[in-house]
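# Close look at the chain arrangement
Spelled out from the first residue to the last, the chains are:
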Amino acid sequence: AVVSTQSTGVQSTSTIRKYPRSKSAESSSTMAPKSVMSKESRTVIQTISQEVGSTGMPSPALEIKMLQERLNNIWKKLEMPDDDRIDMTIKYCKIDPKSLKNVVDLWEHACNAISSREKLILELETFEKDASDPQRLFGQNSKTSRILEEKKRSALHRRIKKCEKQVRNHVTRVHDKLGDTVTYQGRVYFDKMARDITEMLYWLQQERRQAALEHGGMVMVDLPPVSPLDLV
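What you see is a predicted model, and the numbers here were worked out from it, not measured in a lab. (Residues numbered from 1 in each chain as written. Predicted model: local features only at pLDDT ≥ 70, side-chain atom pairs only at ≥ 80, totals over all residues. Heavy atoms only, no water.)

The next thing to look at is the overall build of the protein chain. A tally of regular secondary structure across the protein chain gives seven helices and two strands. Mapped from its N terminus to its C terminus, the protein chain presents α and β elements in the order α-α-α-α-α-α-β-β-α. Expressed as a percentage of its 232 residues, the buried residues of the protein chain come to 36%. Residue pairs in contact within the protein chain that sit at least 24 positions apart in sequence constitute 72% of those at least 6 positions apart. (Helix = DSSP H or I, 4+ residues; strand = E, 2+ residues; numbered from the N terminus. Buried < 20%, exposed > 50% of the residue type's maximum accessible area, 1.4 Å probe, protein only. Contact = heavy atoms within 4.5 Å.)

This is the structure we're talking about:
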């Protein structure tokens with residue numbers, strides 16, 4: 001039997017913003033080609049080819065190493081701070097393979113659900129950046145365009161709400177069964193989920209205001225004003 005592993009990496013293409021940015025799900029779900037495979041992943045593959053016996057089953061030590069590699073990839077996707085990753089490593093470094101596999105499965109389900117939601121948040125941000133541009137109001141078909149915009153906006157919000165049910169389910173299971181708090185970019189994900197859409201709309205509004213001031217123009221927006229105090 002041949003055992004193979006895939007190394008998944010997250011590559012940020014976002015510019016620095018004042019609010020937590022979503023990461024493209026495409027970059028986080030694409031398997032790295034062999035030419036850019038990490039040294040750590042190559043080592044794991046070489047170890048597997050050397051240590052898998054005639055039974056086709058890895059040794060317990062190798063199985064634990066493979067599970068730890070999967071868990072480390074999850075934490076990379078979630079951009080867990082180094083201090084938290086060290087704490088997690090200490091917590092799970094000496095448990096048996098069966099228990100570690102349960103840990104990895106729970107964290108993977110939570111991570112996949114979060115990645116799906118972050119992809120939708122990025123899609124919503126891209127949409128709102130154009131749909132909330134005041135210049136669109138001066139087009140010949142502005143009324144028709146706004147109707148289409150609202151339909152797409154509503155559809156995106158429905159997809160996000162549906163995805164959030166999965167996030168709540170899997171993140172809650174991690175907390176209840178393992179006692180772990182799931183974070184994204186160092187932020188408790190339930191807290192982020194409750195505020196990130198409002199934050200995103202607020203900072204898009206501020207960017208439009210800044211751009212208008214730089215060009216000496218007036219700002220026209222459809223979004224209601226948001227106080228920074230509401231985001232605290």
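Here the structure, examined in full by the defined rule, presents 15 salt bridges. Ionic pairing is found between glutamate 118 and arginine 117, a salt bridge with its closest N-O pair at 3.8 Å. A single burial state applies to glutamate 118 and to arginine 117, both of which are buried. With its nearest N and O atoms 2.8 Å apart, the salt bridge here joins arginine 117 to aspartate 196. With a gap of 79 residues between them, arginine 117 in helix 5 (residues 97–131) and aspartate 196 in helix 7 (residues 189–214) connect regions that are remote in the sequence. The class of aspartate 196 is buried, set by a relative accessible area of 2%. Each of Arg117, Glu118, Lys161, Glu164, Arg168, Lys192 and Asp196 takes part in salt bridges that share partners, so that together they form one network. (Salt bridge = Lys/Arg side-chain N within 4 Å of Asp/Glu carboxyl O.)

The end-to-end C-alpha distance of helix 7, which contains 26 residues, comes to 35 Å, matching closely the 38 Å that a straight helix rising 1.5 Å per residue would cover. At arginine 195, helix 7 shows its strongest bend, of approximately 45 degrees. Buried within helix 7 we find Tyr189, Lys192, Met193, Asp196, Ile197, Glu199, Met200, Tyr202, Leu204, Gln205, Arg208 and Ala212. (Expected span 1.5 Å × (residues − 1). Bend = angle between axes of the 7 residues up to and from the residue.)

Another point: unusual backbone geometry. Residues other than glycine seldom take positive phi values, yet glutamate 79 does so here, at roughly 55 degrees. Taking relative accessible area as the criterion, glutamate 79 reaches 27% and is therefore assigned partly exposed. We note that glutamine 185 has phi near 55 degrees; this positive angle belongs to a residue other than glycine. Tracing the sequence through the fold places glutamine 185 in the loop between strand 1 (183–184) and strand 2 (187–188).

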